[in-house]
Amino acid sequence: MPRPFSPARSEADRAADERRGQALERQLAGEVSGVAITFVDHSGAARVKAVPLTGLARAARSGVGFSPVLDAFTSAGGIDAASPLCVPDGDLRLVPDLDRLAVLRAPEGWAWAPGDRFHQDGAVYAGCQRSFARAQVAAGLNKGISALMAFEVEWMIGRDTEEFHPAVGGTGYGLARFLGAADYAREVIDSLEAAGVRVEQIHPEFGPGQFEVSVSAQDPVSAADTNVLVKLIISAVSARRGMRASFAPAVLANNVGNGGHLHASFWQDGSNLLAGGRGRYGLTERGESIAAGLLESLPALLAIGAPMPASYLRLLPSRWAGAYQVWGKENREAALRFVQGSPSDPAAANVELKCFDLSANPYLLAGAVMAVAMSAAGRHAALPDEVSGDPGVRGHPQADQAVRLPASLGAALKALEANDDLRAAAGDQLISTFAASRRAEIELADGKSEEEIVTQSRWLL
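Note that the coordinates shown come from a computational prediction; the quantities given were computed from them, not determined experimentally.

A. Expanded view of the sheet that holds strand S10 (residues 210-215). With antiparallel pairing, the 4 strands of this open sheet are ordered in space as S9-S10-S8-S11. A strand with exactly one partner marks an edge of an open sheet, and here the two such strands are strand S9 (199-204) and strand S11 (243-246). Each strand axis lies, on average, 25° off the axis of its neighbour in the sheet, ignoring direction. Against the sheet, helix H5 (residues 182-194) contacts strand S8 (153-159), S9, S10 and S11, and its axis sits at roughly 160° relative to S9.

This is the structure we're talking about:
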């Protein structure tokens with residue numbers, strides 16, 4: 001579990017973290033040389049500061065310095081001059097969460113820990129996406145509601161070139177592709193499990209050289225941590241084998257891309273609110289209200305969960321990407337797919353939000369989904385009629401109620417900025433600086449061809 005949310009670190013917190021760091025220095029000596037501490041910025045990129053193992057206790061007490069300007073970085077590596085964060089002043093302290101530290105098999109000799117950002121006086125930085133997610137989890141617990149989440153990770157493995165050439169052949173879901181990459185897949189599984197990731201399954205996906213790994217559900221902050229860790233390990237294993245892993249929403253123009261589907265369930269008094277009720281498919285009244293709130297807020301959430309211009313090259317009808325603002329039981333074309341669970345395990349019921357991809361900041365997305373869910377929990381909202389099949393097919397009987405989600409980042413961003421629930425939960429600083437970073441990406445893509453947009457974001461991590 002990640003550390004609980006508090007608006008500030010006390011001297012007692014600092015001292016306890018330092019003692020924990022000292023114990024880890026002794027425990028990991030001879031096994032680990034350094035610790036990589038990461039956060040994810042507004043561009044969706046994992047940023048890192050690494051310390052030698054002998055400096056872990058010091059970092060745990062005082063953090064390592066990081067300028068606020070990092071959230072003004074664009075996917076191209078430059079700084080957005082229009083961002084309110086584009087100033088040389090100020091310093092933040094990135095403090096590793098030692099409860100989530102993982103020893104890595106790949107890259108060898110390293111450990112990893114996610115970080116939270118604080119001001120030098122110990123107050124939480126209002127722009128820290130992980131702290132936002134922790135705050136939303138705490139707000140839910142204050143209402144007696146918790147959540148379990150898991151991100152699916154899809155990626156394409158290519159040769160070590162700037163252009164994408166699949167490193168393995170075979171068709172999607174096919175045994176030939178699995179056999180061609182069996183040693184690679186084994187190393188991915190072994191490396192993930194050695195780092196404490198509970199892998200549920202791995203398989204070849206539909207696209208060229210594409211694979212998907214599913215992991216066990218966790219609390220929302222841990223799920224976001226695991227998402228960062230999974231991508232890090234897959235990238236390291238791929239590089240060790242002379243390949244590159246692309247998690248981009250669009251790896252090739254006019255082809256399927258990589259999704260980052262988010263599964264979520266919501267719990268109260270030990271019971272899943274999406275199961276065991278009197279509503280459709282066992283939904284409780286509160287569970288249906290949460291699902292309805294998520295469905296209604298998908299246009300706003302899309303700016304966070306599909307935050308790149310390339311995201312909208314993936315989010316197309318009839319590609320199982322979730323391009324329509326509809327829901328349906330086990331409907332993989334719907335943006336909100338309801339997974340009922342099995343007769344032997346009805347408590348496994350969850351909702352899958354299919355319209356998101358892996359260019360998202362997982363902390364910002366998990367926190368935003370939690371905020372929407374908690375706001376909707378007390379509204380007694382009802383889901384509309386469900387949609388089955390592909391509403392994009394000509395003559396579909398429910399085509400009139402199948403509204404397309406925003407087809408561009410700009411349209412999704414307008415929906416986000418108009419969403420009062422998300423602004424109230426995240427605060428003006430987090431929303432405004434995130435919006436500025438998205439406008440910078442829109443400007444970078446302006447006038448570019450689809451191929452140029454795809455090329456620009458193909459190898460982002």
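B. Fine view of the layout of surface pockets. Within this model, the largest pocket holds a volume of roughly 940 Å³. Breaking the lining of the largest pocket down by element, the ones donating at least two residues are strand S7 (145-151), S9, S10, strand S12 (262-268), strand S15 (334-339) and strand S16 (350-353). Considering only enclosed or pocket space, the second largest pocket measures out at about 330 Å³ in volume. Along the wall of the second largest pocket there are 20 residues; nearest its centre are Thr 38, Ala 46, Val 228, Leu 232 and Leu 461. Contributions of two or more residues to the lining of the second largest pocket are made by strand S1 (34-40), strand S2 (46-52), strand S6 (110-118) and helix H6 (220-240). Broken down by element, the lining of the second largest pocket gets its largest block of residues, 6 residues, from H6. Class assignment of the residues belonging to the lining of the second largest pocket gives a composition of 15 nonpolar, 4 polar and 1 charged.

C. Here's a closer look at the side chain of Asp 80. Residue position: Asp 80 is located in the loop between strand S3 (64-66) and strand S4 (92-96). One buried charged side chain, Asp 80, makes no salt bridge at all; its nearest oppositely charged neighbour is Arg 439, positioned 8.6 Å away. Here Ala 82 takes part through its backbone nitrogen, which lies 3.1 Å from a polar atom of the side chain of Asp 80. Once residues lying within four places of it in the same chain are set aside, the contact partners of Asp 80 are Ala 72, Thr 74, Cys 86, Ala 436 and Ala 440.

D. Structural view of the packing of aromatic side chains. For the structure on display, the rule yields 5 aromatic pairs. Consider the rings of Tyr 281 and Trp 327, whose centres lie 6.3 Å apart with planes at 75°: the pair is edge-to-face. Here Trp 327 lies in strand S14 (residues 324-329) and Tyr 281 lies in the loop between strand S13 (271-272) and helix H7 (285-296), a separation of 46 residues in the sequence. The side chain of Arg 244 reaches across the aromatic face of Trp 459, ending 4.3 Å from its centre.

E. Representation of unusual backbone geometry. Ala 106 connects to Pro 107 through a cis peptide bond whose omega is -5°. Inspection of the secondary structure puts Pro 107 in the loop between strand S5 (102-103) and S6. Phi is positive for Asn 254, close to 55°, though the residue is something other than glycine. By the element assignment, Asn 254 lies in the loop between S11 and S12. Of note, the phi angle at Asp 269 is positive, near 55°, even though the residue is not glycine.

F. Structural detail: the environment of Phe 266. If you trace the backbone, Phe 266 turns up in strand S12. A residue is classified by how much of its surface remains accessible, and Phe 266, at 1% relative accessible area, is buried. For Phe 266 and Gly 140, which are 126 residues apart along the polypeptide, the C-alpha to C-alpha distance reads 9.8 Å. Here Phe 266 is in contact with Ser 146, Ala 147, Ser 271, Asn 272, Leu 273, Leu 274, Ile 290, Leu 294, Val 369, Met 370, Ala 373 and Met 374, once residues within four sequence places are set aside.

G. Focus on empty space enclosed by the protein. One pass over the structure, following the stated rule, counts 3 cavities of 30 Å³ or more. Estimated volume of the largest cavity: approximately 50 Å³. Ser 75, Met 308, Pro 309, Ala 310, Glu 441, Ala 445, Ile 453, Gln 456 and Ser 457 together form the lining of the largest cavity. The set of elements that each furnish at least two residues to the lining of the largest cavity consists of helix H13 (428-445) and helix H14 (450-457). Element by element, the count of residues in the lining of the largest cavity is highest for H14, at 3 residues. Partitioning the lining of the largest cavity into residue classes produces 5 nonpolar, 3 polar and 1 charged.

What counts and how
Residues numbered from 1 in each chain as written. Predicted model: local features only at pLDDT ≥ 70, side-chain atom pairs only at ≥ 80, totals over all residues. Heavy atoms only, no water. Pairing = 2+ DSSP bridges. Helix = DSSP H or I, 4+ residues; strand = E, 2+ residues; numbered from the N terminus. Axes fitted to C-alpha atoms, helices over the stretch in contact; angles between N-to-C directions. Contact = heavy atoms within 4.5 Å. 1 Å grid on protein atoms, 1.4 Å probe; cavity = no way out; pocket = protein on both sides within 12 Å on 5 of 7 lines; lining within 4 Å. Points joined across faces, edges and corners; volume = space filled by probe spheres on them. Nonpolar A, V, L, I, M, F, W, Y, C, P; charged D, E, K, R; others polar. Buried < 20%, exposed > 50% of the residue type's maximum accessible area, 1.4 Å probe, protein only. Lys, Arg positive; Asp, Glu negative; His and termini not counted. Salt bridge = Lys/Arg side-chain N within 4 Å of Asp/Glu carboxyl O. Polar contact = N/O pair within 3.5 Å; in protein donor to acceptor, adjacent residues only side chain to side chain. Phe/Tyr/Trp six-rings, centres within 6.5 Å; stacked < 30°, edge-to-face > 60°. Lys NZ or Arg CZ within 6 Å of the ring centre and 35° of its normal.

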